[in-house]
Amino acid sequence: MQAIIDELARQAEADLAQVTSKETLASFWQKYLSKNGQVPALMKNLRTVDAAERPAMGKAINELKQKVQADYDAAAVRVNQAELAARNAAETVDITLPAKTRPTGGLHPLTLVRNQIIDAFAGMGFEIYEGPEIEDDDHCFTRLNVPKDHPARDMQDTFYLSDELLLRTQTSTGQIRTMDAERPPIKVLVPGRVFRSDSDATHSPMFHQMEGLVVDKGINLCDLQGMLDVFVQKLFGSEVRTRLRPSYFPFTEPSVEVDVSCFECHGKGCSLCKHTGWIEILGGGVVNQKVLRNCNIDPEVYSGIAFGIGIERIAMLKYGINNIGLMFENDLRFLGQFHE
Ligand SMILES: [Zn+2]
């Protein structure tokens, strides 16, 4: 029996020396250590050994089993390391090959400009409010001092959904909604889509506005110009200035058109500014006292300023886009030019 054990130990050692891969390792395990392998088979043969010799033989078989198992474990580690090393060697990266690049996405020019406007005003403490796109006549016109049959209603070609409901023509609706919801001091920006029945190279039936509203004690036109100066300098560069011209809007009194000094020619005159040195960028004014009263804010105590920025107009000026339709056609050759 001892001779058989010795022979098996020698054979196992010789076989193990041949193990170089996972496959040969597995067949080694199958041959010697599995349930039907040669080492467990020795255990079964123990029954045929003389009772006197049995304990010594059992011990010898157990020692063999432990040695073969330990050798097998060591071989498994060796095989794994060798395979890993081989794979690493095979997968060496050639850093001189040109990289595989994927096209990266970017923000839409309107989103870029919207974010820039919000950044400029957020720095001055403005909060963001977004109102509904389907509005009633009351919020869009009547309480903004544009009663029914008022000629100012002709200034905006409205999409009506019913007698009372319409697609908002201006984000000024946000003025009424914030003044209904909050008491002064109020400082909000209202970005959003607006709708008018109008379409040409500079008008789209759907476009974007950003309304600004400040209501507090002692607010006046100087505050408006000061804030707009900060805004235009953030967007168009630190040299630009603003200029206010008298205008008319029903919801502000006095009302102004705001011009920015031409950032292309710095006031010398060019085609962008139509050789005037100034570019009209937005409208605003001091909130009409009637509008404050319509929102139960006492105009004897509080005053306000409001302004409305056309986001497409700012984007077209800033990026030199001459047709508003380009911004809604989803042409990647156009949109791909606005990475920041
Ligand atoms: Zn110019």
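Please refer to the structure placed before this passage.
Residues numbered from 1 in each chain as written. Predicted model: local features only at pLDDT ≥ 70, side-chain atom pairs only at ≥ 80, totals over all residues. Heavy atoms only, no water.

J.: Explain a nonpolar patch on the surface here, please?
T.: On the surface, Ile134, Leu161 and Leu165 cluster together to form a nonpolar patch covering roughly 270 Å² of accessible area. Along the chain, Leu161 falls in the loop between helix 6 (137-140) and strand 3 (165-167). (Patch = residues over 30% accessible without salt bridge, like charges linked within 9 Å, V, L, I, M, F, W, Y side chains within 5 Å. Areas by Shrake-Rupley, 256 points an atom, 1.4 Å probe, with all protein chains shown as cover. Salt bridge = Lys/Arg side-chain N within 4 Å of Asp/Glu carboxyl O. Helix = DSSP H or I, 4+ residues; strand = E, 2+ residues; numbered from the N terminus.)

J.: Quick question: what am I supposed to make of the environment of Pro185 here?
T.: Among the structural elements, Pro185 can be located in the loop between helix 7 (173-181) and strand 4 (186-195). Considered as a pair, Pro185 and Lys217 are 32 residues apart in the sequence and their alpha carbons are 7.7 Å apart. Residues in contact with Pro185, not counting those within four places in the same chain, are Val215 and Asp216. (Contact = heavy atoms within 4.5 Å.)

J.: Would you explain the pattern of salt bridges in this entry?
T.: Side-chain pairs of opposite charge can arise whenever the charged atoms involved come near each other. Scanning the entire structure with this criterion turns up 15 salt bridges. Between Lys148 and Glu164 there is a salt bridge; the shortest N-O distance is 3.2 Å. Taken together, the residues span a long stretch of sequence, with Lys148 in the loop between helix 6 and strand 3 and Glu164 in the loop between helix 6 and strand 3 at a distance of 16 residues. Judged by its relative accessible area of 49%, Lys148 is partly exposed. (Buried < 20%, exposed > 50% of the residue type's maximum accessible area, 1.4 Å probe, protein only.)

J.: Would you mind showing me how to read unusual backbone geometry here?
T.: Excluding glycine, most residues fall at negative phi; most peptide bonds, likewise, are trans. Backbone torsion omega between Pro184 and Pro185 reads 0 degrees, so that peptide bond is classified as cis. Residues Glu253 and Pro254 are joined by a peptide bond in cis, for which omega reads 0 degrees. Here Pro254 shows up in strand 7 (residues 252-261). At His275, a residue that is not glycine, the phi angle is positive and equals roughly 60 degrees.

J.: Would you mind going over the side chain of Asn145 with me for this structure?
T.: Along the chain, Asn145 turns up in the loop between helix 6 and strand 3. The class of Asn145 is buried, set by a relative accessible area of 16%. Separated by 2.9 Å, the side chain of Asn145 and the backbone oxygen of Pro250 make a polar contact. (Polar contact = N/O pair within 3.5 Å; in protein donor to acceptor, adjacent residues only side chain to side chain.)

J.: Teacher, can you tell me more about the packing of aromatic side chains here?
T.: Geometry of an aromatic ring pair is reported as the spacing of the ring centres plus the angle between the planes. Applying the stated criterion across every chain, the model contains 10 aromatic pairs. Residues Phe28 and Tyr32 carry aromatic rings whose centres are separated by 4.8 Å and whose planes lie at 40 degrees to one another, so their mutual orientation is tilted. Here the residue Phe28 and the residue Tyr32 both occupy positions in helix 2 (residues 22-32), the gap between them amounting to 4 residues, near one helical turn. The buried category is assigned to Phe28, whose relative accessible area is 4%. Residues Phe121 and Phe307 carry aromatic rings whose centres are separated by 5.0 Å and whose planes lie at 25 degrees to one another, so their mutual orientation is stacked. Of this pair, Phe121 sits in helix 5 (residues 109-122) while Phe307 sits in strand 9 (residues 303-310), placing them 186 residues apart in sequence. For the pair Phe121 and Phe307, a shared accessibility class is recorded, and that class is buried. An aromatic cluster is built from Phe121, Phe126, Phe231 and Phe307, whose rings are joined through pairwise contacts. (Phe/Tyr/Trp six-rings, centres within 6.5 Å; stacked < 30°, edge-to-face > 60°.)

J.: I tried to follow helix 1 (residues 2-17) on my own but got confused; where do I start?
T.: Think of an α-helix as 3.6 residues a turn; residues three or four steps apart then line up on the same face. The end-to-end C-alpha distance of helix 1, which contains 16 residues, comes to 23 Å, matching closely the 22 Å that a straight helix rising 1.5 Å per residue would cover. All buried positions along helix 1 are accounted for by Ile5, Leu8, Ala12 and Leu16. All buried residues of helix 1 project into a common sector of 65 degrees when viewed along the axis, lining one side. Facing away from the buried side of helix 1, by more than 90 degrees, are the exposed residues Ala3, Arg10 and Ala17. Buried residues along helix 1 sit in contact with helix 2, helix 3 (38-45) and helix 4 (54-90). (Expected span 1.5 Å × (residues − 1). Arc of directions from axis to C-beta.)

J.: Can you help me understand the coordination of the zinc ion in this one?
T.: In an ideal octahedron of six donors the angles at the metal are 90 or 180 degrees, and in an ideal tetrahedron of four donors they are 109.5 degrees. Every protein donor of the zinc ion is listed here as Cys262 (SG), Cys265 (SG), Cys270 (SG) and Cys273 (SG), and their distances to the metal cover 2.2 to 2.3 Å. Here the zinc ion binds 4 donor atoms, and the angle range of 104 to 116 degrees at the metal identifies the geometry as tetrahedral. All donors to the zinc ion come from one chain, and their sequence spacing reads C-x2-C-x4-C-x2-C. The buried category is assigned to Cys265, whose relative accessible area is 10%. (Donors = N, O, S within 2.8 Å, 3.2 Å for Na, K, Ca; no water. Tetrahedral: all angles 85-135°; square planar, octahedral: opposite > 155°, others 65-115°.)

J.: Could you clarify how one ought to interpret helix 2 in this entry?
T.: Looking at helix 2, one finds that the buried residues are Leu25, Phe28 and Tyr32. For helix 2, the angular spread of buried residues about the axis comes to 60 degrees, placing them on one side.

J.: I would appreciate a short explanation of the packing of helix 1 against helix 4 in the present structure.
T.: In a pair of packed helices, the angle between the axes and the distance between the axes together describe the arrangement. Two elements in contact, helix 1 and helix 4, have axes separated by 11 Å at closest approach and are oriented at 0 degrees. With respect to helix 4, the axis of helix 1 lies roughly parallel. Listed contacts from helix 4 to Gln2, Ile5, Leu8, Ala9, Ala12, Glu13 and Leu16 of helix 1 are Met57, Ala60, Ile61, Leu64, Lys67, Val68, Asp71, Tyr72, Ala75 and Arg78. Each residue belonging to the contact of helix 1 with helix 4 can be placed in one class, and the counts come to 12 nonpolar, 1 polar and 4 charged. (Axes fitted to C-alpha atoms, helices over the stretch in contact; angles between N-to-C directions. Parallel < 35°, antiparallel > 145°, perpendicular 65-115°, else oblique. Nonpolar A, V, L, I, M, F, W, Y, C, P; charged D, E, K, R; others polar.)

J.: Just checking my understanding: could you explain the sheet that holds strand 9 for this structure?
T.: Neighbouring strands of a sheet are bound in pairs by backbone hydrogen bonds; such pairs are parallel or else antiparallel. Strand order in this open sheet of 7 strands is 1-4-5-9-8-7-6, and the pairing throughout is mixed. Since the sheet does not close on itself, it has two edges, and those belong to strand 1 (127-128) and strand 6 (242-249), each with one partner. Two strands pair when backbone bridges link them, and strand 5 (residues 206-216) and strand 9 are joined in this way by 8 bridges, in the antiparallel orientation. Paired with Gly212 across the strands is Phe307, a residue of strand 9. Helix 5 contacts strand 1, strand 4, strand 5 and strand 9 of the sheet and is inclined by roughly 165 degrees relative to strand 4. (Pairing = 2+ DSSP bridges.)

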